[in-house]
Amino acid sequence: MKIFKRIVLAIIILIIVVAGGVYLWIKSTAPDYSGKLHLKGLEQETSVVYDKFGVPHVYAQNAHDAYFAFGYAHAQDRLFQMVMMRRLMQGRLSEILGKELLKTDEYMRTLSINKMAKTSAERFMKEADLPVKKEVEAYVAGINSFIQNGTLPIEFTMLHFKPEKFTVQDVFGIIGYMSLTFTSALSEDPMVTKMYDKLGPKYMKDLGIDTANYKAFPEQAMLSKVFQDIRSTQQRIPVPVWEGSNNWVVNGSHSKSGKVLLANDTHIQYSQPSVWYEAYIQYPGYDMYGYYLAGVPFALVGHNDFYAWGLTIFPFDNMNLYAETTDSAHSNQYFYKGQWVNDSIDHQMIPVKGQDSVPFDVRYTVHGPIMNPVYKEVTDKPNTPVSLWWAPLHLKTTSLEALYYLNNATGLESFEKAMSLIDVVGLNVVYGDKDGNIGWWATGKIPQLPPYVHTHMILDGASGKDDVLGFYPFDKNPQAVNPPSGILNTSNNAPPPVDGIVYPGYYFEGYRARRVRSMLDSQPKWTIDEMKRIQLDTHSNRDMRLVQLILNNIGQFDAQSKFVQALQNWDGNYDTASVGGTIYTQLLYFVLRDAMEDEVGDQMFQKLCGSMLLKNNIEKLMDDKDSPWWDNVNTKAVETRSDIFRQAFAETQTALKNQLGDDVATWKWGKVHKVVYVNPLGRKPPLDKIFNVGPFPIQGSNEVVDKEAFAYNARGTYAVTSGPALRFLIDLSDMDHALTIIPTGQSGNVMSPHYADQALMYVQGKYRTQIIQKSELKNGTVLKMFPEK
């Protein structure tokens, strides 16, 4: 018995020792926010001071050391995010994650982002100004210094691989991938084509479809499939997908301080870690507080002590599809402008974990890569190759130089010059400076085609007559500087025509843009504290109107019912305590389901519920009392809009009582509308409890200013998928104390104290104050960096 007890005791001690050792090892993988480092490649002593939220403040004696230190600091918090974005754009995920990611690798290789990155990096190293090149190279060297000298985060051990060194080409690859996720043309599902084929044009009118040009949708369907796969991949790895944004700037006449006020909130699919990384960089002649993307050395949003800027997506159309002509007598050729031209074929091998590498060929025409091998449904015509023309593949991008000049501008003129260099990304950039100037530019090289070409159609690739003629000059891009109103705001809405030119795109309907402008017009002068309520606004005039439309068309109802009273008394706000918002959202779902599911089927309807196609056109459908959608095709009777409203009204009462109980007062929005920030390793239990952040009740809804997006559903619970990835407010009278917040925290390392230290603040609508002055960092931790001895 004594021997048995000793064995048990020994086993317990061994378990404790092993567990303790594992814990200490895991803890050792946390970032180092203090101490001393001697690093090869550093020229002079440099300090990185971390504030209480883990924001690095880099103080260097020259630009090289500043960007080297920033690269190191950025990597120790976000290296896994950087590496996975690089592998995604290279088409190398299956090498570490297995055959499940092979299809993703094939389509990313077909999209050829890495090929574009190579040619752009080669041009950059030959032609870019020397200071730009040196700072990019220093940043990359800093990342590599951490890979070589730092302790890698736990994800690399769990996936059994060590990251390779970064290159300048990788920076361009990440920018190329971002240009793909900025392209809202990809946001709709291939179901649209199926709906049209099944139902015909009369049903499409209330979904905003121009049926006269409906041949467009084979292209949109293929591009949508790309995007849907990217969204699926995004759930596995920490890469951002952009889904909206708001920004505005007002001049001093609208400010209580007499100086420019600027605001920005970028809406991106939620994930853990957050998309943005905040940092302050200072060296002689330069200072910048900015928001940075993993693997990119320059800020995309930010300010110095003279100017500030923010951005949203400008979703113009920069993709076309071309049907190529081939025949069996001309193997590996296509017909173009009267002659047979050889395909360009890129023979590749895709490494796959646990099996042999897989051969894969990408064929190119003059227009771009042939898409059929990865998207067989791109066309229903047999033996018709379809190639993708995508602007970034035909440009040696200058976007990295543009970011450098944005970060190093001296005022309005030089900032505007930098705008013209942004080519592969469509952005709405707003600007303000201490001289009182404000501006807005819609950036990106906008393709110019013959006037008869409809860009959504699959175009004729053989004749050359449908080819892109070039790009509009930048002065034809939508823009405004110092408008008489003193106000500029964008929310991914369609811009006004320029010299009669209407640029095709995939714009949001405009609810957020109109709401922001109406709020800005509601009082003569503002402070940034008062502007918080604009960024956090959850009010929907549209939804209040639709509630009254439904109540006015259902006939008799019990006006004393608490259910009815909660709906009648709803103020149109989606705060976490709202009961009316809960009822209306479930009611809207049942109205849409009862109207549409009989025509499209359950599976297609569920996809429709998460689409911008439906979300942008709810009001159009509800207002059309004669819409064919109202009739249930499965019954002999001809149902009316009022019939559907009454049916949905009854279903909503029953569903919410079953879900939330009989006490209507407890049906609060925060009970059903929640957010979880999901880490790639937290997709399944039990790792979700370790790596994920949340759930949290959260305010907001679809297409309100605080757009916390979700898909309508029968369950009555709404998992938020995207929202503001940053909130930024600045008064140029006090640029040292701008307001900011990001959703979870600075670090992607689960062992960091800054992994989720902003999460509660964010969902509660709170802000942090940026720290600029070194004297205000007295309690910060200091990481000293020295040149290698």
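My aim in this report is to walk through the structure given alongside it, one point at a time. (Residues numbered from 1 in each chain as written. Predicted model: local features only at pLDDT ≥ 70, side-chain atom pairs only at ≥ 80, totals over all residues. Heavy atoms only, no water.)

A few points about the environment of W629
When you line up the elements, W629 lands in the loop between α21 (618-623) and α22 (641-660). Measuring from C-alpha to C-alpha, the distance between W629 and I730 comes to 47 Å, with 101 residues separating the pair along the chain. Dropping the residues within four chain positions of it, W629 is found in contact with M195, L199, Y203, D206, L207, A595, M596, E599, V600 and L621. (Helix = DSSP H or I, 4+ residues; strand = E, 2+ residues; numbered from the N terminus. Contact = heavy atoms within 4.5 Å.)

Some words on the pairing of strand β30 (residues 781-787)
As paired strands, strand β1 (residues 35-39) and β30 are joined by 5 bridges and run parallel to one another. Bridged to L37 within β30 is M785. With 5 bridges connecting them, strand β2 (residues 46-50) and β30 associate as antiparallel partners. Bridge assignment links S47 to a residue of β30, and that residue is K784. (Pairing = 2+ DSSP bridges.)

What to know about the sheet that holds strand β24 (residues 693-697)
Overall, mixed pairing links the 3 strands, which are arranged β24-β23-β25 in an open sheet. For this open sheet the edge positions go to β24 and β25 (718-719), each flanked by a neighbour on one side alone. Bridge count between strand β23 (residues 673-677) and β24: 3 bridges; the pairing is antiparallel. Note on β24: the bridge partner recorded for K674 is P697.

Describing the side chain of E106
Tracing the sequence through the fold places E106 in helix α4 (residues 102-111). Under the relative-accessibility criterion, E106 is labelled buried at 10%. E106 has contacts with I350, F360 and V374, leaving out every residue within four places of it along the chain. (Buried < 20%, exposed > 50% of the residue type's maximum accessible area, 1.4 Å probe, protein only.)

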